[in-house]
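Understanding the architecture of this molecule
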Amino acid sequence: MSLAPRTVTVSDFPDWLRAVDTGFLRPHAATQEEIALRLTHTDLARVQGVFDAGRCVATFRSFAQELTVVGGATVPADAITTVTVSPTHRRRGLLGRMMAVDLAAAKERGDVVASLIAAEYPIYGRYGFGPAAWTTEWEIDVPRAGLDPRRPVPDEADGGRIDLVDGDAVRALGPELHDRLAARQHGVVSRGEQWWLRTTGVHVPAYETWTEPFYAVYRAADGTVDGLVAYRADARWGDGKQPLNTATVSDLIAATPAAERVLWRFVCSVDWITTVRTGRRAPDDLLPFFLPDPRAARVVTQADWLWLRLLDVSRALTARTWDTEAALVLEVHDSTGLTAGRFLLDASPAGATCAPTTRSADLALGVGELAALYLGDESVARLAALGRVDELRPGAVTAADALFRAPRRAWCPDMF
């Protein structure tokens, strides 16, 4: 019998949460209080489940999100999360059915892209997603970094200061600071109130063990909060009573590179800390070069992170900025039919237009490949070499490669 997804009701929600925990291989420990709390910030109209004999066996949820694109503008995104299929019901097409329902609704709503963080690489390409932003984590050997422990942080000449704060201050100061970050960094996604409540320990799911981080803010000379860091530290001592403690950064956001530099120097200056784990950063993060010896920062993770799927090619391509000038006709393939078509992109530093056209195509590519290119993090030439972009007019790959590039790599600091 065909198993069709349906919208989850209030009475379904506890069993839906159980299925989510099953899919993510964690014990189900949600209390009635937690279930009631989660319902207050869950739009059930965007929650799907598949039920077999009265039991939820597949889950899917989406929510409204804003994505910063190249140049600082934002577009509405359909953020997809809590996607699971129980091990008893794999390979029956359940994910595909839920995805089709959600993407059709998102396009009807007017969302420009869909977004997600992929637990496994091979899954989402089949639905038109492509990896649009990657993530890198460094481990810093603090003694090797070459920072002068006698030097104050921030430097006295800087005029700014570091203040330790609590979760209440983070919830008060963080959203405005994050908005400033999003205005300058493409790939950043919006953080709603629930994000701040969860990451400061107010609303913590039962499956997570909460340990209060240390929070610090950097205030510029005029008192403006330009940076925020949250980190936790272990308590490890080696032979000879030598401290070997690790500070793990869970969040570090800044409105300026200067604030970034001060905050990294601060974390590396904490007594007893000999190792710093940076958390998720952009692959071209400035961090290693804030250190006198950049080799003290060793890459420990390099992986795909934010995946996108375009839902409106014209709006997506006109929303971002372009550093060069070119006119290209793109033949976009999409097996679902949501975005398939031929589009004339006429772009320059002054802006862009993008509309359906009957002109001959210069390039042909899948909607997933276009998503990978969208934030400027992938190379048209590289995708062409891999056989994933077809050049239909000589020179089109070179022109498109120069056009789609961005000055910095995309960065999405968040899990969702």
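Residues numbered from 1 in each chain as written. Predicted model: local features only at pLDDT ≥ 70, side-chain atom pairs only at ≥ 80, totals over all residues. Heavy atoms only, no water.

Time to look at the overall build of the chain. Looking only at helices and strands, one finds 11 helices and 19 strands in the chain. Taken along the three principal axes of its C-alpha coordinates, the chain extends 70 × 60 × 40 Å. Taking all 416 residues of the chain together, the buried fraction comes to 51%. Sequence separation of 24 or more characterises 72% of the internal contacts of the chain that already satisfy a separation of 6 or more. Carbon and sulfur atoms form 53% of the exposed surface of the chain, whose accessible area is close to 18900 Å². Computing the positive centroid from 45 side-chain charges and the negative centroid from 53, the chain places the two 4 Å apart. (Helix = DSSP H or I, 4+ residues; strand = E, 2+ residues; numbered from the N terminus. Buried < 20%, exposed > 50% of the residue type's maximum accessible area, 1.4 Å probe, protein only. Contact = heavy atoms within 4.5 Å. Areas by Shrake-Rupley, 256 points an atom, 1.4 Å probe, with all protein chains shown as cover. Lys, Arg positive; Asp, Glu negative; His and termini not counted. Charge placed at Lys NZ, Arg CZ, Asp CG, Glu CD.)

Turning our attention to the sheet that holds strand 5 (residues 113-117). The strand order 1-2-3-4-5-14-6-13-12-9-8-7 describes an open sheet built from 12 strands, whose pairing is mixed. Two strands in the sheet have a free side with no partner beyond their single neighbour: strand 1 (6-7) and strand 7 (161-165). In the sheet, strand 2 (residues 47-52) pairs with strand 3 (residues 55-68) via 6 bridges, with the strands oriented antiparallel. Looking across to strand 3, one finds that aspartate 52 is bridged to arginine 55. (Pairing = 2+ DSSP bridges.)

Spatial ordering of the open sheet is given by 17-16-15-18-19, a layout of 5 strands whose pairing is mixed. Strand pairing shows two members of the sheet lacking a second neighbour, strand 17 (351-356) and strand 19 (389-391), which therefore form its edges. This sheet shows a mean twist of 25° between the axes of neighbouring strands, independent of strand direction. Relative to strand 18 (residues 363-366), strand 15 (residues 326-333) runs parallel, the two being bridged by 4 bridges. Considered in strand 18, the bridge of glutamate 331 is made with alanine 364. (Axes fitted to C-alpha atoms, helices over the stretch in contact; angles between N-to-C directions.)

Judged by nonpolar contacts, the single largest core of 47 residues is most densely connected at Tyr374 and Phe404. Beyond its immediate sequence surroundings of up to four residues, tyrosine 374 is in contact with Val69, Val70, Val75, Val113, Leu308, Leu310, Ala316, Leu317, Ala319 and Arg320. Grouped together as the second largest cluster of nonpolar side chains are 27 residues, Val229, Ala254, Leu263 and Phe290 included. (Core = buried A, V, L, I, M, F, W, Y, C linked by side-chain atoms within 4.5 Å.)

According to the stated counting rule, one finds 31 salt bridges in the structure shown. A salt bridge links arginine 198 to glutamate 208, with the shortest nitrogen-to-oxygen separation between them at 2.4 Å. Taken together, the positions of arginine 198 in helix 6 (residues 193-199) and glutamate 208 in the loop between helix 6 and strand 8 (214-219) put the pair 10 residues apart, joining distant regions of the chain. Arginine 198 sits in the partly exposed class, given a relative accessible area of 32%. (Salt bridge = Lys/Arg side-chain N within 4 Å of Asp/Glu carboxyl O.)

That is the geometry; function is a separate question.
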